[in-house]
Amino acid sequence: MTEQAVLRVDNFSKSFFLHEQDKRIPSASDVTLSVFSGKLTALVGPTGAGKSSVLKGIYGTYLAGSGKILYRTATNDEVDLAQADPHCLLAIRRQEIAFVTQFLHVLPRQSCEEVVAQPLIVQGVTRHDALEQARTMLAALNVPEALWGISPATFSGGEKQRVNLARGFVFGARLLLLDEPTASLDPYTTELVVAQLEKLKQQGVAMLAIFHQTELVERLADSLVELKVPAVRSNVMEEYANENVPH
Ligand SMILES: Nc1ncnc2c1ncn2[C@@H]1O[C@H](COP(=O)(O)OP(=O)(O)OP(=O)(O)O)[C@@H](O)[C@H]1O
Ligand SMILES: [Mg+2]
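Report follows, based on the coordinates. Computed from a predicted structure; not experimentally measured.

## Here we look at the environment of Gln203
Thought 1: If you trace the backbone, Gln203 turns up in the loop between helix 6 (187–202) and strand 8 (206–210).
Thought 2: Gln203 sits 52 residues away from Ser151 along the chain, and the two C-alpha atoms are 31 Å apart.

Printed below as a string of structure tokens:
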């Protein structure tokens, strides 16, 4: 029997209408991909190809323009996240899907360990246990203990990225979405992240990840989906380039 995908995206497209310029900008066109338990699907392509837009569409940050986002839940129901009502989407997000975005948004008074523990507390884990797991993950990602009690609002780019990753890793997600998870990290810390991703794969987590480093794609990806800059936008960009050629 063929294995069922945890996530199947069929012909997802998304565009934005820029009113002041009266132009429609496609941000992702006809994207089709599958993500399986214990496997990592890498999403690659040039800047502006729509990689982040696909992840935001799956997570519900962006409404899908067209296409299906079929997610198989822990109870083996198939839900089209593109059509799901907001309550259903939020419940799935709270329990099953973690999204490590490119940027960490935090409340100024929330300490680093609380930021990491928060998704677990929302899931019903006791505060004590959630903080324990948060500290273990922060240590595994080499975040200095002196920073655990401080708000990450003032952290460096790499420190913020590690807090963001720790939050995604402790979540206990069935589907993990990762947007350039190692972009601000040095080679040593990148290896710590790779070790965690390999561990999560062994635990059966399905992952969809955007990496710019080919080496990481080669090491971690089980399948590869390449996005191209949508044709209409290539034309817009060409127009722009022509208009801006110095005469
Ligand atoms: N909220 C938005 N409003 C308007 N246009 C948007 C929005 N989000 C994305 N876009 C457009 O969609 C295009 C694709 O953006 P996206 O962030 O998905 O690209 P990407 O492949 O992740 O690029 P990068 O590798 O630089 O992160 C952008 O060039 C932008 O023009
Ligand atoms: Mg992006």
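## Topic: the site of ligand 1
Thought 1: The local shell around ligand 1 holds 16 residues, among which Ser27, Thr47, Lys51, Ser53 and Tyr62 are the closest.
Thought 2: Between ligand 1 and Tyr62 there is a distance of 2.9 Å, counted from a nitrogen atom to a side-chain nitrogen or oxygen.
Thought 3: The fraction of the free accessible surface of ligand 1 (630 Å²) that becomes covered by protein chains is 69%.
Thought 4: Taken together, the elements giving at least two residues each to the shell around ligand 1 come down to strand 2 (23–35) and helix 1 (51–59).
Thought 5: Element by element, the count of residues in the shell around ligand 1 is highest for helix 1, at three residues.
Thought 6: Here the residues of the shell around ligand 1 are counted per class, giving five nonpolar, eight polar and three charged.

## Notes on the environment of Ala117
Thought 1: Position of Ala117 relative to the elements: it lies in helix 3 (residues 112–122).
Thought 2: Along the sequence, Ala117 and Val170 sit 53 residues apart, while their C-alpha atoms lie 7.7 Å from each other.
Thought 3: Beyond its immediate stretch of four places on either side in the chain, Ala117 contacts Ala130, Leu131 and Ala134.

The rules we used
Residues numbered from 1 in each chain as written. Chains lettered and ligands numbered in written order. Predicted model: local features only at pLDDT ≥ 70, side-chain atom pairs only at ≥ 80, totals over all residues. Heavy atoms only, no water. Helix = DSSP H or I, 4+ residues; strand = E, 2+ residues; numbered from the N terminus. Near = heavy atom within 4 Å. Polar contact = N/O pair within 3.5 Å; in protein donor to acceptor, adjacent residues only side chain to side chain. Areas by Shrake-Rupley, 256 points an atom, 1.4 Å probe, with all protein chains shown as cover. Nonpolar A, V, L, I, M, F, W, Y, C, P; charged D, E, K, R; others polar. Contact = heavy atoms within 4.5 Å.

Structural measurements only, silent on function.
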